[in-house]
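# Notes for the structure review
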Amino acid sequence: MATTTTTSIGGGGADDRVMATAQQIVKSLNTPKNVREDMLLILSSFDNRLSNISDLIKEESSLQSRLESAEKIIFQYDSASARRQPTLSWEDSPEEAAEYLSAIDDVLELLDGLSIQAHENDTFHRAETAIQVAMSRLEEEFCHILTRNTVPLDAERLYGSIRRVSLSFLSNDCEFGEEFDSSGEIESEGAYFHERGVSLGDDVTVDLINSDAVEELKEIAERMIRSGYEKECVQVYSNVRRDALDECLQILGVEKLSIEEVQRIGWKYLDEKMRKWVLAMKITVKVLLSGEKRLCEQIFCASDSAKEICFNETAKGCVMQLLNFGQAVAIATRSSEKLFRILDMYDGLTAILPDLQSMVTDEFVSSEAKGVLDGLGDAARGTFAAFENDVRSENSKKPVLGGEIHPLTRYVMNYVKFIVDYSDSLNSLLEEDDHESKELPNDDGELASMNPVARRLLALLSSLESNIKEKSRLYESGAMQYIFLMNNILYIVQKVQDSELINLLGDQWVRKHRGLIRQYATAYLRAAWSKALSCLKDEGISRSSISVSKVALKERFKNFNACFEEIYRIQTGWKVPNPQLREELRISISEKVLPAYRAFMGRFGSQLENGRHAGKYIKYTPEDLENYLSHLFEGVPLVLHQLRRKGM
């Protein structure tokens, strides 16, 4: 038979179409494989474009053989899969796992080698089916390996690497108005220890997944991505790791609370939750998410999009849970005790926000984080302003027993000392909200050189002083008013001097207020001792008649004794807690009273000493008075006859 030679028109593309047509014609005859091959060989003798059909037959035979081998390995697990029982075990049977992955590689290579025209033939459909079955198995195994190899968070080891700074100030559980409405004596200050400044070392890392499993997960992910199952792989990873991160938050003490639940819980419980939030936020971003980022980059190195999507979806759940709590705190009712925890949260979120935004590329999460930060800043400003208003408007009406330091003064000064530790944050937050200090007198441009926190604290202390002056009027005794003012102003000055407040307010402020204390001391001496000292003056005592002078002298000594005993009885019950101020007041009294008494005794005492009942009028020597004055301001009321019985 003569061989017909046909010129190829259109190049290799036309030849390919002829070849494909011949194969399709023979296949449509539905004959056995060996018969089809014989028919194709016969056809090749009629057209030189079919001359290489024998090579194609051999190649197809090889592909069929490889596909059959791969199908055998892949489909043997199909029945077990139907019962939802994973039969692969990468750890227990690494050889089988390697064989399974190799079978997938063979099928993928076969699919890559098939021409577009072959997508409709039987080989292509068989390969596609094998891949679908294999991907179902790989998805199960991927989930199983992830779950089985998740490492529980070792919170104790993490806590051991945390550096803490603890601060303390007076704790008051009541609201303003109740906590300061007390006439009871303050013996000591209750210290509230506030943990602040929690920091993690830069080298703190944890294993989120057993390191041996990472390579296995990477191999599975590569096959699934190459097979077009990237979405399924990412979804499985995100679901498993999202649940794992939720468990980590639980270990760190973070609960899922709604905004309504946050606003209902009591302060002590909320305080603990806010403290744990600060720590959890830092650990989540610095340790957990940073570890998740590395993990995604290792496992999904075959696809940049998979790395990004997978990490965003994994991180979003736990980050939003933390942010939701922050938002609830930001919009909750503002009260003074919350300020420092709010500032802790603000500082904590400020510190990790750049890292969070660099890792999580989800614009919604980034925007929410920035919104929560702004909300916490607003809450801090509002809470500070509420505290200032509380100090101004606190109107408890019960005077403190003994003229002691008022609880308001104690609370405010310990609170203010604490504020200084947050100066950096508060200066930025209060920069545009500094209306309070505008009402202060600007001596020599002093305010202009102060930062916002210093100006606001100066205004706050001015409000406190005004309130204390108002409360001093609750005492009927003018002398006790000045004792109360001295006690409270000195307490304020000491708190300023013994803390960083001195660097904000300056030495000039201290000198001014120490001068104020001296003024109050002078006013006290005048109010408390003027009447007694007037009994020791010469006026009204006539020297022309001895009898008249003795009557007047007896009355003067009698009046002085009565005044002194009354002062002693009352003022031994007054309290000056500062030892130095107490001693200075006693010395000032002695310097006023004793010289006057000695002089009066020297001039007139001899006229009564030799008379009847002299001891009834001249009851005390100057030494007796000096001894008795040493008992003033102890907070224990005494009368002179009690001292005499005790031999004092």
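Residues numbered from 1 in each chain as written. Predicted model: local features only at pLDDT ≥ 70, side-chain atom pairs only at ≥ 80, totals over all residues. Heavy atoms only, no water.

The number of helices and strands found in the protein chain is 26 helices and two strands. Each of the 648 residues in the protein chain was classed as buried or not, and the buried ones make up 48%. Residue pairs in contact within the protein chain that sit at least 24 positions apart in sequence constitute 80% of those at least 6 positions apart. Accessible surface, the protein chain as shown: approximately 31,900 Å² in total, 48% of it carbon and sulfur. (Helix = DSSP H or I, 4+ residues; strand = E, 2+ residues; numbered from the N terminus. Buried < 20%, exposed > 50% of the residue type's maximum accessible area, 1.4 Å probe, protein only. Contact = heavy atoms within 4.5 Å. Areas by Shrake-Rupley, 256 points an atom, 1.4 Å probe, with all protein chains shown as cover.)

This brings us to the packing of aromatic side chains. On inspection of all chains with the given rule, the structure shows 22 aromatic pairs. With centroids separated by 5.4 Å and ring planes inclined at 85 degrees, the aromatic side chains of tyrosine 237 and phenylalanine 300 adopt a geometry described as edge-to-face. Of this pair, tyrosine 237 sits in helix H9 (residues 230–251) while phenylalanine 300 is found in the loop between helix H11 (267–299) and helix H12 (304–331), placing the two residues 63 residues apart along the sequence. An aromatic cluster is built from Trp529, Phe560, Phe564, Tyr568, Tyr597, Tyr620 and Tyr628, whose rings are joined through pairwise contacts. Residue placement shows lysine 293 over the ring face of phenylalanine 311; its charged tip is 4.8 Å from the ring centre. (Phe/Tyr/Trp six-rings, centres within 6.5 Å; stacked < 30°, edge-to-face > 60°. Lys NZ or Arg CZ within 6 Å of the ring centre and 35° of its normal.)

The next thing to look at is the state of the cysteines. Using the criterion set out here, one finds zero disulfides in the structure. Cysteine 310 supplies the cysteine sulfur nearest to cysteine 296, a cysteine that is in no disulfide, at a spacing of 4.2 Å. A relative accessible area of 1% places cysteine 296 in the buried class. (Disulfide = S-S within 2.5 Å.)

This brings us to the side chain of asparagine 488. Counting through the fold element by element, asparagine 488 comes out in helix H18 (residues 478–497). There is a polar contact of 2.7 Å between the side chain of asparagine 488 and the side chain of threonine 409. In contact with asparagine 488, other than residues within four places in its own chain, are Glu404, Ile405, His406, Thr409 and Ile468. (Polar contact = N/O pair within 3.5 Å; in protein donor to acceptor, adjacent residues only side chain to side chain.)

Right, let's get into helix H15 (residues 407–420). Taking 1.5 Å of rise per residue, the 14 residues of H15 would be expected to cover 20 Å, and the 20 Å separating its terminal C-alpha atoms lies within 8% of that figure. Across the 14 residues that make up H15, a large majority, 13, are buried. (Expected span 1.5 Å × (residues − 1).)

Below, the discussion takes up the nonpolar core. Within the largest apolar cluster, 185 residues are counted, with the highest numbers of intra-cluster contacts made by Ile104, Phe142, Leu289, Phe300, Leu457, Tyr524 and Trp529. Here this core takes 15 residues from H11, the largest share from any one element. Ignoring anything within four residues of it in the chain, the contact list for leucine 457 reads Phe384, Val416, Ile419, Val420, Leu501 and Leu504. (Core = buried A, V, L, I, M, F, W, Y, C linked by side-chain atoms within 4.5 Å.)

This brings us to helix H20 (residues 507–534). With 28 residues, H20 ought to run about 40 Å at 1.5 Å a step, and its terminal C-alpha atoms sit 39 Å apart, in line with that. Alanine 528 marks the point of greatest bend in H20, at about 45 degrees. (Bend = angle between axes of the 7 residues up to and from the residue.)

Quick look at the side chain of serine 423 now. Structurally, the position occupied by serine 423 is in helix H16 (residues 423–430). The buried category is assigned to serine 423, whose relative accessible area is 10%. For serine 423, the side chain forms a polar contact with the main-chain oxygen of valine 420, separated by 2.7 Å. With residues near it in sequence (within four places) discarded, serine 423 still touches Val453 and Leu504.

Another aspect to go through is a positive patch on the surface. Taken together, the side chains of Lys550, Lys554, Lys558 and Lys616 present a region of like positive charge at the surface. The greatest single-element share of the positive patch, amounting to three residues, is contributed by helix H21 (residues 546–571). Residue position: lysine 616 is located in helix H24 (residues 614–617). (Patch = residues over 30% accessible without salt bridge, like charges linked within 9 Å, V, L, I, M, F, W, Y side chains within 5 Å. Salt bridge = Lys/Arg side-chain N within 4 Å of Asp/Glu carboxyl O. Lys, Arg positive; Asp, Glu negative; His and termini not counted. Charge placed at Lys NZ, Arg CZ, Asp CG, Glu CD.)

Once that is clear, we can look at the packing of H16 against helix H17 (residues 452–472). Each packed pair of helices is defined by two parameters, the angle between the axes and the distance between the axes. Between H16 and H17, the shortest axis-to-axis distance is 8 Å and the interhelical angle comes to 85 degrees. In terms of axis orientation, H16 runs roughly perpendicular to H17. On H17, the residues that touch Ser423, Leu426, Asn427 and Leu430 of H16 are Pro452, Val453 and Arg456. A class-by-class count of the residues in the contact of H16 with H17 yields four nonpolar, two polar and one charged. (Axes fitted to C-alpha atoms, helices over the stretch in contact; angles between N-to-C directions. Parallel < 35°, antiparallel > 145°, perpendicular 65-115°, else oblique. Nonpolar A, V, L, I, M, F, W, Y, C, P; charged D, E, K, R; others polar.)

With that settled, consider the pattern of salt bridges. Taken as a whole, this structure holds 24 salt bridges when the rule is applied. We note a salt bridge from arginine 223 to aspartate 105, for which the minimum N-O separation is 2.8 Å. With arginine 223 in helix H8 (residues 211–226) and aspartate 105 in helix H5 (residues 94–113), this pair connects stretches of sequence that are 118 residues apart. Among the residues examined, arginine 223 registers a relative accessible area of 14% and is labelled buried. Across the salt bridge formed by arginine 569 and glutamate 566, the nearest N and O atoms sit 2.7 Å from each other. You can see arginine 569 and its partner glutamate 566 sitting in helix H21, three residues apart, about one turn around the helix.

Let's shift gears to the confidence of the model for the protein chain. Scored by pLDDT, the protein chain comes out at a mean of 81, with 74% of its residues at no less than 70. Helix H26 (residues 640–646) is the least confidently modelled element of the protein chain, averaging 49 in pLDDT, while H18 averages 97, the highest of any element. Long-range and interchain partners of residues 1–11, a stretch whose pLDDT sits below 50, account for 12 contacts in this model, where long-range means more than four residues apart. The low-confidence segment residues 644–648 (pLDDT under 50) makes eight contacts with residues lying over four places distant or belonging to another chain. (pLDDT = per-residue confidence, 0-100.)

This part covers unusual backbone geometry. With a phi close to 70 degrees, phenylalanine 633 is a non-glycine residue in the positive phi region. Note on placement: phenylalanine 633 falls in the loop between helix H25 (622–629) and H26.

Attention now moves to the environment of leucine 339. Looking at the secondary structure, you find leucine 339 in helix H13 (residues 339–359). Owing to a relative accessible area of 0%, leucine 339 belongs among the buried residues under this scheme. With 76 residues separating them along the chain, leucine 339 and tyrosine 415 place their C-alpha atoms 9.9 Å apart. Apart from residues no more than four positions distant in its own chain, leucine 339 is found in contact with Ala380, Thr383, Phe384, Tyr415 and Ile419.

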